[in-house]
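# Fold and contact review
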Amino acid sequence: MIDFKKMTKWDMGKHFDYAILPKDTTEAHIRAECKKAITYNCKAFCFSSSYWTRVVAEELEGTDLLVGAGIGFPFGQQSSAVKAFETEEAVRMGATVLDNCMNVGALKDKKYKEVLQEFKDYKKAAGPVMTKMILDTEFLTGEEIKTACKLIAEAEIDWAKSATGQWQGPSMEDVLMMVDTLKDTKVKVKVSGVKFPRPQNAYAFLLAGAELIGSRSAPEIIDALDMMRRIKMIPEYEG
């Protein structure tokens, strides 16, 4: 759990991935937003595929920000071999964290061995690079969320992530289910797909036990920390 009493805005940045995912994103936009991610001390700058990896790695060079490539984004319905290739390519290009999309249909078909093997193939392809797996909880039942989290833990993936942010996004019930299922494992919970009002909802998810938020509104949410303290949602800073 985050100790909000010790969090300045600068410290808070490390609990946010700044995500720029639109289809019409240009190189100039990527470079400009990388600079913003550095200004806000974000944990990572995330983008949709390996395509922007070298550009982002160049912009983040000399910082501690992670270079975050999407894998199988946003549908997750590529074969395991294709996802493994994407993973290896992104790592070669300089990615230091990867957000992979689970095959939701395979999980709903109860093809658990297939899903687990895909998770393991991904983890192997990533090598030492930080790994995340995206569930897209809005398409899953409670039992399916629990099952996906258990498979993620079995595959030793570092993070379970709620959503791609391309659809409805997670409910508080979804996130609490992820947190509760993973509480005795090494897997941490990342929430993406935070909807309006984003600052209040993002901090609520962090209070619920998530440790990372991924959002295109990360700067806005970090800037809202003082307002969240004013309304007593977040404890006052004690240093």
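Residues numbered from 1 in each chain as written. Predicted model: local features only at pLDDT ≥ 70, side-chain atom pairs only at ≥ 80, totals over all residues. Heavy atoms only, no water.

As annotated in an unreviewed UniProt entry, the chain is Deoxyribose-phosphate aldolase from Acetobacterium bakii.

Ranked by size, the top nonpolar core spans 65 residues in total, and within it Met12, Phe45, Val56, Leu98, Phe119 and Tyr203 carry the most contacts. Once you skip the residues sitting within four places of it in the chain, Leu98 turns out to touch Ala69, Ile71, Thr87, Ala90, Val91, Tyr122, Ala126, Val129, Met130, Thr131 and Lys132. (Core = buried A, V, L, I, M, F, W, Y, C linked by side-chain atoms within 4.5 Å. Buried < 20%, exposed > 50% of the residue type's maximum accessible area, 1.4 Å probe, protein only. Contact = heavy atoms within 4.5 Å.)

Once that is clear, we can look at the packing of aromatic side chains. For the coordinates displayed, the defined rule picks out six aromatic pairs. Their ring planes at 80 degrees and their centres at 4.8 Å tell us that Tyr51 and Trp52 sit as a pair that is edge-to-face. Residue classification places Tyr51 among the exposed residues on the basis of a relative accessible area of 62%. For Trp52, a relative accessible area of 12% gives the class buried. Through a chain of ring-to-ring contacts, the aromatic side chains of Tyr18, Phe45 and Phe47 assemble into a single cluster. (Phe/Tyr/Trp six-rings, centres within 6.5 Å; stacked < 30°, edge-to-face > 60°.)

Turning our eyes to something else, we now look at the pairing of strand 8 (residues 212-215). Residues Leu212 and Gly214 point to one face of strand 8 and Ile213 and Ser215 to the other, with burial holding for every one of them. As paired elements, strand 7 (residues 188-192) and strand 8 share three bridges and run parallel to each other. Bridging from a neighbouring strand, Val191 pairs with Ile213 of strand 8. Viewed along the sheet, the connection from strand 7 through helix 9 (residues 198-207) into strand 8 turns out right-handed. (Helix = DSSP H or I, 4+ residues; strand = E, 2+ residues; numbered from the N terminus. Pairing = 2+ DSSP bridges. Right-handed = clockwise from strand over helix to strand, strands pointing away.)

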